[in-house]
Every structure is written in C-alpha cells, then in structure tokens.
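# Geometric and topological summary
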Amino acid sequence: IECIARARRYREEMGRGDAPFDVMASASDAASVEDFRRLGEAGVTHALSMPWIPYHGLTDDLEKKLDGLRRYAKDVMAAMG
C-alpha cells in the first residue's frame, strides 16, 4: 500500500497525477472477498493469486490445486459477483 502512495506522489511530481494507472499486486495471502476489497480500496486494479494456498498451502499436488481452485471459485469469485 505504501508503494502505491509513493507511485502516486511520483506521478504528481511528474505532472501525471490525473492520469489513471493500473496497479498489479501479488495476492497470495488474499483468501476472502474482504481481502480483495481491501486491495481494491488501496488502489490495486489487478491481482495475481495462487488460490489453493489458503486451502492447502504451497503444494505441487495437482488434485489439491484443483480443489483449491474450485473452492476459491465458490468462496470468493461467486461472492464477488
């Protein structure tokens, strides 16, 4: 979040403060709708995620990854509408 504020300050200094810009964040710890809303409120426009991590941790097990994706789709994506 601090880095987004810093980027905004730099853009102001360069005279680009009014121009929109995208912010991509790695959101491996985002596991709920509220987590993603918090990121959006901070200025994040795009998030990268490994959605199986909250359910199974870092794993190479394909079945666990698929399970995590399914659960993420149900628990987070469907709720975000």
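Above this text sits the structure in question.
For the structure given in this document, a descriptive report is provided here.

Calculation rules
- Residues numbered from 1 in each chain as written.
- Predicted model: local features only at pLDDT ≥ 70, side-chain atom pairs only at ≥ 80, totals over all residues.
- Heavy atoms only, no water.
- Phe/Tyr/Trp six-rings, centres within 6.5 Å; stacked < 30°, edge-to-face > 60°.
- Helix = DSSP H or I, 4+ residues; strand = E, 2+ residues; numbered from the N terminus.
- Core = buried A, V, L, I, M, F, W, Y, C linked by side-chain atoms within 4.5 Å.
- Buried < 20%, exposed > 50% of the residue type's maximum accessible area, 1.4 Å probe, protein only.
- Contact = heavy atoms within 4.5 Å.
- Expected span 1.5 Å × (residues − 1).
- Polar contact = N/O pair within 3.5 Å; in protein donor to acceptor, adjacent residues only side chain to side chain.

## Some words on the packing of aromatic side chains
Two aromatic rings are characterised by how far apart their centres lie and by the angle between their planes. Counting across every chain of the model gives 1 aromatic pair. Ring plane angle 70° and centroid distance 6.2 Å describe the contact between Phe36 and Tyr72, whose orientation is recorded as edge-to-face. Of the two residues, Phe36 is situated in helix H2 (residues 33-42) and Tyr72 in helix H4 (residues 62-80); the sequence distance between them amounts to 36 residues.

## As for the nonpolar core
The biggest cluster of nonpolar side chains holds 12 residues, and these are Ile4, Val23, Ala25, Ala27, Ala30, Val33, Phe36, Leu39, Val44, Tyr55, Tyr72 and Val76. When residues of this core are traced back to their parent elements, those giving at least two are H2 and H4. The element that contributes the greatest number of residues to this core is H2, accounting for 3 residues. Contact partners of Val44, with chain neighbours within four places excluded, come to Ile4, Val23, Ala25 and Leu39.

## Notes on H4
End to end, H4 covers 26 Å across 19 residues, agreeing with the expected 27 Å (1.5 Å per residue, within 8%). Along H4, the residues classified as buried are Gly68, Tyr72 and Val76. Buried residues along H4 sit against H2 and helix H3 (53-56). Structurally, the start of H4 carries an N-cap: the backbone nitrogen of Glu63 is 2.9 Å from a side-chain oxygen of Asp61. With its phi angle positive at about 60°, Gly81 sits one or two positions after the end of H4.

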